[in-house]
Amino acid sequence: MKFGGTSVGSVKSILSLKKIVETEARTQPVVVVVSALDGITDRLIATSKMAQQGDERYREEFDAMVTRHHQMIEAIITDEKKRIDLFNNVDSLFDQLKSIYYGVYLIHDLSGKTEDTIVSYGERLSSHIVAAMVKNGVRMNSRDFIRTEKKLGKHVVVMEETTKLVKEAFKTLDEKTIYVVPGFIARDIESHETTNLGRGGSDYTASIIAAVLNAEVLEIWTDVDGFMTADPKVIKTAYTINELSYVEAMELCNFGAKVIYPPTIYPVCVKNIPIKVKNTFNPEHPGTLIKEKIEDDNKPIKGISSIKGTSLITVTGLSMVGVIGVNRRIFTTLANKGISVFMVSQASSENSTSIGVRDEDAEAAVEVLNAEFAKEIETGAMFPMQVESGLATIAIVGENMKQTPGIAGKLFGTLGRSGISVIACAQGASETNISFVVDGRFLRKSLNVLHDSFFLSEYKVLNIFICGIGTVGGMLLEQIRTQQQYLMQARRLKLNVVGISDVDNFVLDRDGIDLNNYMEILRAGYPANTEHMRDEIVKMNIFNSVFVDCTASKQIATLYQTFLEHNISVVAANKIAASSDYDSYIKLKQTARDRGVWFRYETNVGAGLPIIGTINDLCNSGDKILKIEAILSGTLNFIFNEIAADVPFSETVRRAKEQRYSEPDPRIDLSGTDVIRKLVILTREAGYKVEQEDVEKHLFVPDDYFEGSLDDFWKRLPELDADFEARRKMLEAENKRWRFVATMEADEQNPSSFKTSVALKEVPYGHPFYGLEGSNNIVLLTTERYKEYPMLIQGYGAGAAVTAAGVFANIMSIANI
């Protein structure tokens, strides 16, 4: 049982250790390996640097370490005799350490040997404390049986000698005794000087002892519940992995998962001894079990790990092609300098090799490689080393990848759709790890989108920015709020509203905005500024995101292109972009296709009616739209349904305004502008190139009524009542009704030729448009397949609830892809 620094770092944690160990020791012999108290190793090193520099404050740091250990002893050791004995042992060690520090201070020199001795005191002190605390505790000195030798500047375990000495030290295991061993520290096989196994070496100490003694299990007790599917600090939905194979655990450890020290796995793996990773602060949690073979394992990907601060060095040159020994020279040169390479990517043409090293090693690596290939560089046979820093390396790990085709394709497709470029990649023939390098700025986004894509998350996340919280936007937020819980439970889909804006403010929060009090949060946000909002959204660089425009703003519509270029999907209730000049419309659609994101605007025509989607489906399946006839203005339909002998035309317009069917200035509706925009959008979706100026307008209000002020308009409007009433009587006698109809009709003899128009038409009884009530919309589609009996789509064409529902449906269509 190995306990890390956090497990012995506080009174609470060390008492938890006591309970865990003593419970386990009731039934079998237990060996406990401990690290130094949390933070003490770093403090020992920092204090030695201060002493070396002649900084007298090293004494204060030393005294603080003494005080911390004394306070720990006072808090956990209640037996007076034990406490006195422990103080004597601990103070004896501190006296030695004090003398060493003083020596360093006097001569301003800190040799490697002295530093190794200094850092050993952390584990030596903690092991004395734990041995005195636990019942029947006996302290063992790991320097008596862990042997190392110096290789390439590092202390390497001499396994044969260590195995022999461990067997001798533990030849008689008393079931009632708890053996406490300081981790990390060792002794040189020749000089017998104190050495160590490097950072994380306590795990390695425990693994070596477990392997030699053929332990039932190696338990690593730490401050997390086990291996996670990804870094929980980056991915909120990461969760504990129940079981891993040795290979999977090794791959995750080598690529940044700091749960256990990578060399720990090998000694116990050879002996097929399982490893349990457990949480000292949550001992009831089952943790992660690492073993040889995992039963009933159907997940191709187990986890995602990453290394920040990656530099990629590219060795390239024509002389490399077909020449044996170039790679040997590269890796030998780096090894001799003590530089570790954690990823290699080589082109099949052999003219370049890219190697991944840590940022801090990049400069030295370039220097030694340029020196090694100096002659080749001088003759032009090779080029000077190229280095790119500030990158990140990501690895997806899982033994079942080799049984699952398409993992790499899905990986690169997912990254591409999120606007993330892969700079280099590598995969071994074992297929347990696909490693790749990305720009460090995209690390968080890469991890999130991959975690989501490979169903490592408990649910899929869609991040939503909502612009405009008027009648439609406000209703949309309410619909999302009421559906969030259902979608989480039934569809494993989390709708995460990360941004909200109105005319006064905007607020962004990548963790999500509480929709129960979003107005209060919004008021405390940034002042409204279109460019600032755009830049902040792009800067968030958030994965799987969609911008929803519930405004009628031309300025907001200009943002779509930027968002699509940054792999943010767009859902628009705003008609301006889709009805703008044709080239801009096509560019938006093409950008969305190129970037693998979505530009959706179903509610631009008919609110929540499936009009645009139906036209798309018809065209995509090979049908040809020959004619579109539609009533697309709920306002105008209301006006011409209301007009009657006792309700003159001017009164119907006033009622439309009062009942909020029309714009505050009803001339916008009477001018047909809104209908023209909608007709242009439908015509374009049907495959025809059209601009708003191409639409013929046959309006029913004279042009001069659209000039002057709104007050002038209301004063003059009754002048039209008499004419309208006379014409209405004629219509009534003929059993006809007025309908403002938008039409697109193709020339059947010349399909590329077509006409578009909007006009007030007289519709006879029996026509599908005749009985259209209220503010409803209706669309008739005549196609090559639906020629004799056109397709009819009819229903509410306006209203906040149905429009918001249509926008919501567009959002869900993106979430479901």
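Residues numbered from 1 in each chain as written. Predicted model: local features only at pLDDT ≥ 70, side-chain atom pairs only at ≥ 80, totals over all residues. Heavy atoms only, no water.

Quick look at the overall build of the protein
Helix and strand content of the protein: 28 helices and 31 strands. The C-alpha atoms of the protein give 37 Å as radius of gyration, which overshoots the globular expectation for 817 residues (28 Å, by more than 25%). For the C-alpha atoms alone, the extent of the protein along its principal axes is close to 115 × 70 × 55 Å. Scored against the burial criterion, the 817 residues of the protein give a buried share of 51%. When the accessible surface of the protein is totalled, it reaches about 37,200 Å², and 48% of it is carbon and sulfur. Across the protein, the mean location of the 91 positive side-chain charges is 3 Å away from that of the 108 negative side-chain charges. (Helix = DSSP H or I, 4+ residues; strand = E, 2+ residues; numbered from the N terminus. Rg over C-alpha atoms; globule rule 2.2 N^0.38 Å. Buried < 20%, exposed > 50% of the residue type's maximum accessible area, 1.4 Å probe, protein only. Areas by Shrake-Rupley, 256 points an atom, 1.4 Å probe, with all protein chains shown as cover. Lys, Arg positive; Asp, Glu negative; His and termini not counted. Charge placed at Lys NZ, Arg CZ, Asp CG, Glu CD.)

Some points on the sheet that holds strand β6 (residues 178-182)
Here 8 strands make up an open sheet; going across it, the order is β3-β6-β2-β1-β9-β11-β12-β10 and the pairing mixed. The open sheet has two free edges, formed respectively by β3 (137-139) and β10 (243-245), since each of these has just one partner strand. By the bridge criterion, 5 bridges tie strand β2 (residues 30-34) to β6 in an arrangement that is parallel. In the sheet register, V34 faces β6, and the bridge partner there is P182. Contacts between helix α8 (residues 246-254) and the sheet are confined to β10 and β12 (288-291), with β10 contributing the most and set at about 90 degrees to the helix. (Pairing = 2+ DSSP bridges. Contact = heavy atoms within 4.5 Å. Axes fitted to C-alpha atoms, helices over the stretch in contact; angles between N-to-C directions.)

Topic: helix α20 (residues 582-595)
The terminal C-alpha atoms of α20 lie 20 Å apart, and with 14 residues this matches the ideal 20 Å at 1.5 Å per residue to within 8%. Taken residue by residue, α20 has Y582, Y585, L588, T591 and A592 as its buried positions. If you follow the buried residues of α20, they end up packed against α19 (560-565), β25 (599-600) and α25 (673-685). (Expected span 1.5 Å × (residues − 1).)

Structural notes on the packing of aromatic side chains
For the structure on display, the rule yields 25 aromatic pairs. Aromatic side chains F599 and Y601 sit 4.7 Å apart centroid to centroid with 50 degrees between the ring planes, which places their arrangement in the tilted category. A relative accessible area of 9% places F599 in the buried class. Between F713 and W714, the aromatic rings sit 5.5 Å apart at their centres with planes inclined by 65 degrees, giving edge-to-face as the arrangement. Overall, F713 belongs to the buried group, its relative accessible area being 2%. Taken together, the ring pairs connect Y58, F62, F94, Y101, Y102 and Y105 into an aromatic cluster. The cationic tip of R716 hangs over the ring face of Y705; the distance from NZ or CZ to the ring centre is 4.2 Å. For the cation-ring pair, R727 lies above F724, with the distance from its terminal atom to the ring centre recorded as 5.1 Å. (Phe/Tyr/Trp six-rings, centres within 6.5 Å; stacked < 30°, edge-to-face > 60°. Lys NZ or Arg CZ within 6 Å of the ring centre and 35° of its normal.)

Digging into the sheet that holds strand β17 (residues 424-427)
Read from one edge to the other, the open sheet built from 6 strands follows the order β14-β15-β13-β16-β18-β17, with strand pairing classed as antiparallel. At either margin of the open sheet sits one strand with a lone partner, and together these are β14 (343-346) and β17. Each strand axis lies, on average, 30 degrees off the axis of its neighbour in the sheet, ignoring direction. Of the strands in this sheet, β13 (303-316), β16 (386-397) and β18 (433-439) touch α8, which is tilted by about 60 degrees from β13.

Side note on the pattern of salt bridges
Side-chain pairing between opposite charges can occur once the charged atoms of the two side chains come close. According to the stated counting rule, one finds 36 salt bridges in the structure shown. As a salt-bridge pair, D674 and K575 come within 3.2 Å of each other at their nearest N and O atoms. Here D674, found in helix α25, pairs with K575, found in the loop between β24 (569-572) and α20; they are 99 residues apart in sequence, far enough to count as distant. As far as the burial class goes, D674 and K575 line up, both buried. We note a salt bridge from E651 to R655, for which the minimum N-O separation is 3.4 Å. Within this pair, E651 and its partner R655 are both found in helix α23 (residues 649-658), separated by 4 residues, close to a single helical turn. With relative accessibility at 27%, the residue E651 sits in the partly exposed group. What emerges from the salt-bridge pattern is a single network uniting R329, E372 and E376. (Salt bridge = Lys/Arg side-chain N within 4 Å of Asp/Glu carboxyl O.)

A few points about unusual backbone geometry
Most peptide bonds take the trans form, and the phi angle of most residues other than glycine is negative. Located in the positive-phi region is H192, a residue other than glycine, with phi close to 65 degrees. For H192, the position within the fold is in the loop between β7 (185-188) and β8 (194-196). Accessibility expressed as a relative area gives 46% for H192, which makes it partly exposed. For R660, which is not glycine, the phi dihedral falls at a positive 65 degrees. In this structure, R660 sits in the loop between α23 and α24 (667-670).

Here's the deal with the side chain of T162
With respect to the helices, strands and loops of the structure, T162 is situated in helix α6 (residues 159-169). Among residues more than four places away in sequence, those in contact with T162 are F145, I146, R147, V157 and I208.

Things to note about the pairing of β7
Looking along a regular strand, one sees side chains alternate from face to face of the sheet. Pairing of strand β4 (residues 147-151) with β7, which is carried by 2 bridges, proceeds in the parallel orientation. Paired with T148 across the bridge in β7 is D188. The antiparallel hairpin formed by β7 and β8 contains 5 residues in its connecting segment, where H192 sits at a positive phi of about 65 degrees.

Some thoughts on the layout of surface pockets
Volume-wise, the second largest pocket comes out at about 1,600 Å³. If you trace the second largest pocket, you find 50 residues lining it, with T471, V472, A552, K575 and E663 closest to the centre. Looking at the lining of the second largest pocket residue by residue, the classes come out as 19 nonpolar, 22 polar and 9 charged. (1 Å grid on protein atoms, 1.4 Å probe; cavity = no way out; pocket = protein on both sides within 12 Å on 5 of 7 lines; lining within 4 Å. Points joined across faces, edges and corners; volume = space filled by probe spheres on them. Nonpolar A, V, L, I, M, F, W, Y, C, P; charged D, E, K, R; others polar.)

Brief notes about the nonpolar core
Counting 102 residues, the largest nonpolar core has I396, L450, F547, I628, F649 and F700 as the members making the most contacts within it. At 6 residues, the largest contribution of residues to this core is made by α25. (Core = buried A, V, L, I, M, F, W, Y, C linked by side-chain atoms within 4.5 Å.)

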